[in-house]
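# Observations on the model geometry
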Amino acid sequence: MFRQTTTTALQKLRRFGLNGRQHTWRLKGTSAKERALQYHPGEKIHGFTVKEVVAVPDLFLTAVKLRHDKTGAQYLHAARDDSNNLFSVQFRTTPMDSTGVPHILEHTVLCGSARYPCRDPFFKMLNRSLSTFMNAFTASDYTMYPFSTQNGKDFQNLLSVYLDAVFFPCLREQDFRQEGWRLENENPSDADTPLIFKGVVFNEMKGAFSDNERVYAQHLQNKLYPDHTYSVVSGGEPLAIPDLTWEELRQFHATHYHPSNARFFTYGDLPLEQHLKQIEEEALSRFECIDPKTEVPAQPRWSCPREDHVTCSPDPLAPDPT
């Protein structure tokens, strides 16, 4: 009598016929969240060390927290049986003035990098990839670069573009003038017309501060936390943006866009080891650990009430006081 082992039986069960076609049958134990539970604290994976593994049944996922051995970069992976995989890298960006340096830098790093020196590779990927989301954001104390896709190869391609953009950007002066600010004739074809300020971020922030709610919210934050980075406009105050120089932009990148100041996040059902290997080989292996000095101290408590006045443009929906 022939007795086949359990392993042999399971291997045969992995494929079965349906209407003449073969389909792959995934064992229950091969789900993304169950695979992630096999990691254990202290395990070394492509230059990272696993720090914590936690099952989160309410969200149907397993969270894996890691730390890069060489640079100290922190990494969080959310393993879930979801084909829409996501990647994000974020940096703590703490400006001390309102020139909008983190916002302008967010735009400029996406204008070409060492491996992809073409103009605006980010926007070229918008209509060349299978991404379900691509963007970048600047907040008061961080800048993040996320994307998502349901295709594994597309994930690797986008990850390569994003890693090279944030860690090895060209940061050309021409790109700074385009994205930040520049002086240009009102009519570019007529040198006798008046000079005016232009720039993608400059114009964007002019539009943002034409909204009364945005003006109030910004001033509220600045007055509540007056002693550190929350006291300035991280996106850029239009009157202060022309004070920023190209050299200051490059210096801000050197100190803030470093793995020691980075947080990585991935989500979905693609293998974690594949992400770690690519991130290590294409970016982190080329850096050493530094102290970025980007911590934000606690705001001292007020000893008495404070009052401030904010002016803005008239509300077109307000009743006429006359």
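Residues numbered from 1 in each chain as written. Predicted model: local features only at pLDDT ≥ 70, side-chain atom pairs only at ≥ 80, totals over all residues. Heavy atoms only, no water.

## A look at the overall build of the chain
Applied cut-off: Numbering goes from the N terminus for both helices and strands, where a helix is a DSSP run of H or I of at least four residues and a strand is a run of E of at least two. C-alpha atoms define the radius of gyration in this analysis, and the globule rule sets the expected value at 2.2 Å times the number of residues to the power 0.38. Only protein chains enter the accessibility calculation, which uses a 1.4 Å probe; a residue whose area is less than 20% of its type maximum is buried, one above 50% is exposed, and one in between is partly exposed. Any two residues whose heavy atoms approach within 4.5 Å are treated as being in contact. For the accessible areas, the method is Shrake-Rupley and the probe is 1.4 Å, while residue cover comes only from the protein chains on display. By the counting scheme adopted, Arg and Lys are positive, Glu and Asp are negative, and His together with the chain ends is not counted. The atoms used to mark charge sites are NZ of Lys, CZ of Arg, CG of Asp and CD of Glu.
A tally of regular secondary structure across the chain gives 10 helices and 13 strands. In terms of overall size, the chain is more extended than a compact globule, its C-alpha atoms giving a radius of gyration of 25 Å where 322 residues would be expected to give roughly 20 Å. Taken across its 322 residues, the chain has 41% of its residues classed as buried. Expressed as a percentage of contacts within the chain between residues at least 6 apart in sequence, the contacts between residues at least 24 apart total 68%. Surface accessibility of the chain: about 18,400 Å² in total, with carbon and sulfur atoms responsible for 54%. Here the chain contributes 35 positive and 40 negative side-chain charges, whose respective centroids are spaced 13 Å apart.

## Section: the UniProt feature "domain: Peptidase M16 N-terminal" (unreviewed entry) in the chain
What counts, and what does not: UniProt positions are given in the numbering used here, feature names are shortened, and annotations may be inferred rather than shown by experiment.
Listed under "domain: Peptidase M16 N-terminal" (unreviewed entry) in the UniProt record, and renumbered for this structure, are residues 95–179. Helix makes up 44% of residues 95–179 and strand 16%, with an end-to-end C-alpha separation of 18 Å.

## Quick notes on helix α9 (residues 246–256)
What counts here: This arc is taken over the directions from the axis of the helix to the C-beta atoms.
Every buried residue of α9 is accounted for by Trp246, Leu249, Phe252, His253 and His256. Within α9, the buried residues cover an arc of 120° as seen down the axis, which keeps them to one side. Looking at the buried positions of α9, the neighbouring elements they touch are β7 (85–92), α3 (101–108), α5 (152–167) and α6 (173–179).

## Let's talk about a nonpolar patch on the surface
Note the threshold: Without a salt bridge and with relative accessible area above 30%, a residue can belong to a patch; like charges are then joined within 9 Å and nonpolar side chains (Val, Leu, Ile, Met, Phe, Trp, Tyr) within 5 Å. For this document, the term salt bridge refers to a Lys or Arg side-chain nitrogen within 4 Å of an Asp or Glu carboxyl oxygen.
A surface patch of nonpolar side chains, about 490 Å² in accessible area, is lined by Tyr216, Leu220, Leu224, Tyr225 and Trp302. Checked against the element boundaries, Leu224 lands in helix α8 (residues 212–224).

## Points about the environment of Ala191
By the element assignment, Ala191 lies in the loop between β11 (182–185) and β12 (195–198). Take Ala191: its relative accessible area is 65%, and that puts it in the exposed class. Note: C-alpha distance between Ala191 and Phe287 (96 residues apart in sequence) is 47 Å.

## A short note on the packing of α3 against α9
Helices that pack against each other are described as a pair by the angle of their axes relative to one another and the distance between those axes. The cut-off we apply is this: Fitting a line to C-alpha atoms yields each axis, with helices limited to the stretch in contact; the angle taken between N-to-C directions then spans 0 to 180 degrees. Note on angle classes: values under 35 degrees are labelled roughly parallel, values over 145 roughly antiparallel, values of 65 to 115 roughly perpendicular, and the remainder oblique. Three categories are distinguished: nonpolar for Ala, Val, Leu, Ile, Met, Phe, Trp, Tyr, Cys and Pro, charged for Asp, Glu, Lys and Arg, and polar for the others, with Gly belonging to the last.
The N-to-C vectors of α3 and α9 enclose an angle of 85°; their axes lie 10 Å apart at closest approach. Here α3 is positioned roughly perpendicular relative to α9, judged by the angle of their axes. Packed against α3, whose contacting residues are Val101, Pro102, Ile104, Leu105 and Thr108, the element α9 presents Glu248, Leu249, Phe252 and His253 at the interface. When grouped by side-chain class, the residues that make up the contact of α3 with α9 number 6 nonpolar, 2 polar and 1 charged.

## Here's the deal with the side chain of His253
This is how the line gets drawn: Any N or O atom pair separated by 3.5 Å or less is treated as a polar contact, with the protein-specific requirement of one donor-capable and one acceptor-capable atom, and with residues adjacent in sequence counted only for side-chain atom pairs.
Relative to the assigned elements, His253 resides in helix α9. Judged by its relative accessible area of 10%, His253 is buried. Of the polar contacts made by the side chain of His253, one reaches the backbone oxygen of Val166; its length is 2.8 Å. Discounting chain neighbours no more than four positions away, the residues touching His253 are Leu105, Val109, Val166, Phe167, Pro169 and Leu171.

## Details of the packing of aromatic side chains
Applicable threshold: Any two of the Phe, Tyr and Trp rings considered here, Trp counted by its six-membered ring, make a pair once their centres fall within 6.5 Å; the pair's planes then place it as stacked at under 30 degrees, edge-to-face at over 60, or tilted in between. Only when the NZ atom of a Lys or the CZ atom of an Arg is both within 6 Å of the ring centre and within 35 degrees of the ring normal do we say a charge sits over the ring.
Following the criterion strictly, the structure yields 19 aromatic pairs and no others. Sitting over the ring of Phe168, Arg286 keeps its end group 3.9 Å from the ring centre.

## Thoughts on the nonpolar core
As a reminder of what qualifies: Joining through side-chain atoms within 4.5 Å is the link that ties buried Ala, Val, Leu, Ile, Met, Phe, Trp, Tyr and Cys residues into a set, and such a set is a nonpolar core.
Core analysis: the largest hydrophobic core is formed by 60 residues, its most contacted members being Phe87, Tyr145, Phe167, Leu249 and Phe264. Take this core: its biggest share by element is 9 residues, from α5. Setting aside residues no more than four positions away along its own chain, Phe167 makes contact with Phe91, His253, Tyr257, His258, Pro259, Phe264, Ala283, Leu284 and Phe287.

## A word on unusual backbone geometry
Positive phi, close to 50°, is recorded for His46, a residue that is not glycine. Note that His46 resides in the loop between β3 (44–45) and β4 (48–56).

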